[in-house]
Amino acid sequence: TKAFAPKPKPTPPSSKPTTPARPKPLVYPGVITAGNVEKCRAFLEANKPAFDYAERTFGVPRQISVSLLFVETRLGTFLGKEKAFYTLASMASSRRPEAISTYVAQLPGSTAADRQNWIQQRMEQRSDWAYKELVALLKNIRSSGEDALAMPGSIYGAIGLCQFMPTNISHYGADGNGDGVVNLFTVPDAVASLANYLAQHGWNKAATRAQKQKVIKTYNRIDIYANTILGLAEAQGYVAE
C-alpha cells in the first residue's frame, strides 16, 4: 500500500483583515493649493522691498523664502500658542524627576533605577539647553524692545515669523530694515534672517534640486517639510534645477 502524507490543515482566516499600508504623503496635505499660492504672491507683493533685499543679499529666491514662512507660521498669522519666556523658563528650572512626577509615573519602567538615572540625565540636559535659549531670548528682547512676557512661541520656544530658536539669532539673525536691531516679528528681519540661515547652510543657485532640499532640511530635518517648501515655491513659478 502507498502511504500518503496527511493534508495540512487549512490556515484559519485572520480575525483582522489585512489592509495595505497607506503610503506616507510626500508633502503636507492642504498646503500646496491655488489659494495658498495666491496668498504667498500677495505677501510677496505687499513686502516687496524686504524680499528684494534678502534675495539680493543672500541669494535665496523669494519664492523659497515666502514658502518657508508659510509653512512655519502661515505668513505670520500663527506664531505659536505658548509664551516663549514661560516655556523656556519652565524647562530650564525643571532639573529633577520630582518636578514632573505625574508624567514620569506614566512612563513604562519609570520605577527602575536605570530608568530613573536616564530620566535625570535627560532632564539636566534639557534644562541646560533651555537655560541657554532663555538667556539668548532675553538678550534679543533687550535690543528689540518686545514684551518678554507676552512674546508668543512654539512649544520649544522658537519665535518670530521664521521660528528661530533664540540662540540662532546671534548666528543667523539679519537686520533687514536697517534699524540696527534684529526683530523676527517684523517681515524684513524675518525674511533676511531665514535667507541668511539658508545661505550659510549651503544654498547655491547652481545646486541640484536634491542639494537644495538638503539645505532646507537643515531647518527641519524631515523630507516632507523640504518637499512642501520646494513644491509650494515651484507652484509660484520657481524652477529648482
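Up top you'll find the structure we're talking about.
Residues numbered from 1 in each chain as written. Predicted model: local features only at pLDDT ≥ 70, side-chain atom pairs only at ≥ 80, totals over all residues. Heavy atoms only, no water.

Next up on the list: the packing of aromatic side chains. Inspection of every chain in the model, using the stated rule, returns six aromatic pairs. A ring pair is formed by Phe85 and Tyr86, whose centres lie 5.7 Å apart and whose planes are at 80°; its orientation type is edge-to-face. By relative accessible area, Tyr86 is classed as partly exposed at 46%. Every member of this aromatic cluster is reached through a ring pair, and the members are Phe164, Tyr172, Tyr197 and Tyr219. (Phe/Tyr/Trp six-rings, centres within 6.5 Å; stacked < 30°, edge-to-face > 60°. Buried < 20%, exposed > 50% of the residue type's maximum accessible area, 1.4 Å probe, protein only.)

As a further point, take the environment of His201. With respect to the helices and strands, the residue His201 is situated in the loop between α8 (187-200) and α9 (209-216). Residue His201 is classed as partly exposed on the basis of its relative accessible area of 29%. A C-alpha to C-alpha distance of 9.2 Å links His201 and Tyr219, two positions 18 residues apart in sequence. (Helix = DSSP H or I, 4+ residues; strand = E, 2+ residues; numbered from the N terminus.)

Its place among the elements puts Glu133 in helix α6 (residues 113-144). Comment: no salt bridge for buried Glu133; closest opposite-charge side chain is Lys132, at 8.8 Å. In this structure the side chain of Glu133 is engaged in a polar contact, spanning 2.7 Å, whose partner is the side chain of Thr167. The residues contacting Glu133, other than those within four sequence positions of it, are Leu88, Met165, Pro166 and Thr167. (Lys, Arg positive; Asp, Glu negative; His and termini not counted. Salt bridge = Lys/Arg side-chain N within 4 Å of Asp/Glu carboxyl O. Polar contact = N/O pair within 3.5 Å; in protein donor to acceptor, adjacent residues only side chain to side chain. Contact = heavy atoms within 4.5 Å.)

This part covers the side chain of Ser65. Structurally, Ser65 can be placed in helix α3 (residues 62-73). With residues up to four places along the chain from it excluded, the contact list for Ser65 reads Phe51, Val60, Val191, Leu194 and Ala195.

Of all hydrophobic cores here, the largest spans 57 residues; its most connected members are Ile64, Leu69, Leu198 and Tyr219. Of all the elements, α8 adds the most residues to this core, at eight residues. (Core = buried A, V, L, I, M, F, W, Y, C linked by side-chain atoms within 4.5 Å.)

Helix length check: helix α1 (residues 34-46) (13 residues) gives 18 Å between terminal C-alpha atoms against 18 Å at 1.5 Å per residue, within 8%. Residues of α1 that are buried include every one of Asn36, Val37, Cys40, Phe43 and Leu44, and no others. End-on, the buried residues of α1 take up no more than an arc of 125°, which puts them together on one face. Facing away from the buried surface of α1 by more than 90 degrees, the exposed residues are Ala34, Glu45 and Ala46. Of the surrounding elements, those touching the buried residues of α1 are α2 (48-58), α3, α8 and α10 (223-235). (Expected span 1.5 Å × (residues − 1). Arc of directions from axis to C-beta.)

Bringing the pattern of salt bridges into the picture now. Enumeration according to the criterion identifies seven salt bridges in this entry. Put simply, Asp52 and Arg62 hold a salt bridge, and the shortest N to O gap is 2.6 Å. In this pair, Asp52 is assigned in helix α2 and Arg62 in helix α3, connecting sequence segments ten residues apart. The closest approach of N and O atoms between Arg62 and Glu55, which form a salt bridge, is 2.7 Å. According to the relative accessible area criterion, Glu55 is partly exposed, its value standing at 28%. A single salt-bridge network, built from bridges that share partners, covers Lys48, Asp52, Glu55 and Arg62.

The subject of this paragraph is the environment of Gln121. By the secondary structure assignment, Gln121 is in helix α6. Since its relative accessible area comes to 45%, Gln121 is described here as partly exposed. For the pair formed by Gln121 and Arg96, sequence separation is 25 residues and the distance between their alpha carbons is 8.8 Å.

Not every positive phi belongs to a glycine, and Arg74 is a case in point at roughly 50°. Its place among the elements puts Arg74 in the loop between α3 and β1 (82-83). The residue Leu75 is not glycine, and still its phi comes out positive at about 60°. Residue classification places Leu75 among the buried residues on the basis of a relative accessible area of 13%.

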